[in-house]
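The lines below spell out each chain.
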Amino acid sequence: MFPDFSRLLPLGWHNHFLAQIPLEQLVAVRPARVVGVERERFRIDLGEGPVGVSLAGRYRVGNEAPPTVGDWVLLAADAMVIVARLAPRTVIARRVAGSHDTQAIAANIDLMVVVSGLDAEFNLHRIERYLVIAAQAEVTPLVLLTKADLCTDPAPMLAAVRERLPEGAEVLAVDALQEPLAERLSVWLGSGTTLVVVGSSGVGKSTVVNNLAGTLVQSTGATRRDCKGRHTTTSRSLIPLPGGACIIDVPGMREVGLAGEGGVERQFRLINEFARACRFADCSHTEEPGCAVRRAVEEGEIAPDEWSHYLRLRAEERHHVAEHERRRRERVFGRAVREALSLKRGKDG
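Basis of the calculations
- Residues numbered from 1 in each chain as written.
- Predicted model: local features only at pLDDT ≥ 70, side-chain atom pairs only at ≥ 80, totals over all residues.
- Heavy atoms only, no water.
- Helix = DSSP H or I, 4+ residues; strand = E, 2+ residues; numbered from the N terminus.
- Rg over C-alpha atoms; globule rule 2.2 N^0.38 Å.
- Buried < 20%, exposed > 50% of the residue type's maximum accessible area, 1.4 Å probe, protein only.
- Contact = heavy atoms within 4.5 Å.
- Lys, Arg positive; Asp, Glu negative; His and termini not counted.
- Charge placed at Lys NZ, Arg CZ, Asp CG, Glu CD.
- Pairing = 2+ DSSP bridges.
- Salt bridge = Lys/Arg side-chain N within 4 Å of Asp/Glu carboxyl O.
- pLDDT = per-residue confidence, 0-100.
- Phe/Tyr/Trp six-rings, centres within 6.5 Å; stacked < 30°, edge-to-face > 60°.
- Core = buried A, V, L, I, M, F, W, Y, C linked by side-chain atoms within 4.5 Å.

### Let's talk about the overall build of the protein chain
Helices and strands together make up the secondary structure of the protein chain, namely ten helices and 13 strands. The globule rule puts the C-alpha radius of gyration for 349 residues at 20 Å, and the 23 Å found for the protein chain is close to it. When the backbone C-alpha atoms are referred to their principal axes, the protein chain occupies close to 70 × 60 × 40 Å. Per-residue burial for the protein chain yields a buried fraction of 48% across its 349 residues. Expressed as a percentage of contacts within the protein chain between residues at least 6 apart in sequence, the contacts between residues at least 24 apart total 65%. Across the protein chain, the mean location of the 44 positive side-chain charges is 7 Å away from that of the 44 negative side-chain charges.

Structure representation (structure tokens):
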């Protein structure tokens, strides 16, 4: 008799995951969602509430990436041990600060909520970095500009963000301390939907989460006088909301490094449309003759700030991809050398 997966539906269970489980394993399988990650400690939910688990040995000694919050995993039949990670529908990732390693922030996300303050914290370029990350993961973004009570006229900032948003995305000015956000965001909070909340420390991410949850689930802290926030969320966790959606809160990010490729091209759709008319297929849009992108900038069809930020992000993305590939080749070569030496020692012995 097949297990009842209906208890997993509120956690975001989907046929995408069921299709990955071999038919002969369905009787004994124990799928669960990762709802908490703090260093090497994991919490999962089998549909009955969070419990702690450990990882199978191959995750600790091999090259296989461990699960991240939001992942769906399979547990051993007779122990609280994660033995397999089901391929995710989406993954939000960033480049680890100071390296070219990629860190998965959250998995199986339907909506990425980018939080920024309507105060000195407001930074259009930082918001756009998050939009690139959402585009790379092919996840719809929603930008929340918090602290609306401290801003006399949010219209210019709303307009600036709206100009950079992809089709289907939205930006809202909110007062997360007073306004019932569940009402304003109800269209995005359907049962089984998963949101991830991202942003710098001090912009009000935990306040947004508490507001949507209707209770204090994350601690909050005052922003420092220099407007640089204090870290109040120290672990990544998935929290069920009253209406049936799930929300993931992650620690504030001081650096939003780009990982993977494709995000810049998807985010800057207008620039890439003009780029098709460039004289050279590999045009860098900086100094080549016949550049349709530069001409569009000169004629006012593309904002100079958008163009310059595009160039910066594209260079960063390409550098990361090239460096990541170089390190991958080094690892493959090193593994081949070790195997050859091991084989030689075996023959000599």
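### Considering the pairing of strand S3 (residues 50-55)
In the sheet, strand S2 (residues 41-45) pairs with S3 via four bridges, with the strands oriented antiparallel. The partner of aspartate 45 across the bridge, within S3, is proline 50. The hairpin turn running from S2 into S3, its antiparallel successor, is four residues long, and glycine 47 in that turn takes a positive phi close to 100 degrees. Relative to strand S5 (residues 81-85), S3 runs parallel, the two being bridged by two bridges. In the strand pairing of S5, leucine 55 is matched with isoleucine 82.

### What to know about the pattern of salt bridges
Under the criterion given, the structure shown has 13 salt bridges. Across the pair glutamate 316 and arginine 129 runs a salt bridge, and its minimum N-O distance is 2.6 Å. Residue glutamate 316 is located in helix H10 (residues 304-348), and its partner arginine 129 is located in helix H3 (residues 124-137); the two are separated by 187 residues in the primary sequence. Neither glutamate 316 nor arginine 129 differs from the other in exposure class; each is buried.

### Concerning the confidence of the model for the protein chain
Within the protein chain, residue pLDDT values average 86, and 90% of them lie at 70 or more. This stretch, residues 222-233, has a pLDDT under 50; its non-local contacts, to residues over four places away or in other chains, come to 26 contacts.

### A word on the packing of aromatic side chains
Tallied over the entire structure, the rule returns five aromatic pairs. Plain terms: the ring middles of tryptophan 13 and phenylalanine 17 are 5.8 Å apart, the flat faces sit at 40 degrees to each other, and that makes the pair tilted. Pair check on accessibility: tryptophan 13 and phenylalanine 17 agree, each one buried. Aromatic pair phenylalanine 268 and tyrosine 310: ring centres 5.4 Å apart, planes at 65 degrees, arrangement edge-to-face.

### Section: the nonpolar core
Within the largest apolar cluster, 68 residues are counted, with the highest numbers of intra-cluster contacts made by Met112 and Leu145. With eight residues, H3 is the single largest residue contributor to this core. Among residues more than four places away in sequence, those in contact with methionine 112 are Ile92, Tyr130, Ile133, Ala134, Val139, Thr140, Pro141, Leu142, Val196 and Val198. Ranked by size, the runner-up nonpolar core spans 22 residues in total, among them Leu144, Val197, Val203 and Ile247.

### Things to note about unusual backbone geometry
At asparagine 108, a position not held by glycine, the phi torsion is positive, near 60 degrees. Residue placement: asparagine 108 occurs in the loop between strand S7 (102-107) and strand S8 (111-117). With a relative accessible area of 2%, asparagine 108 lands in the buried category. Of note, the phi angle at lysine 147 is positive, near 65 degrees, even though the residue is not glycine.

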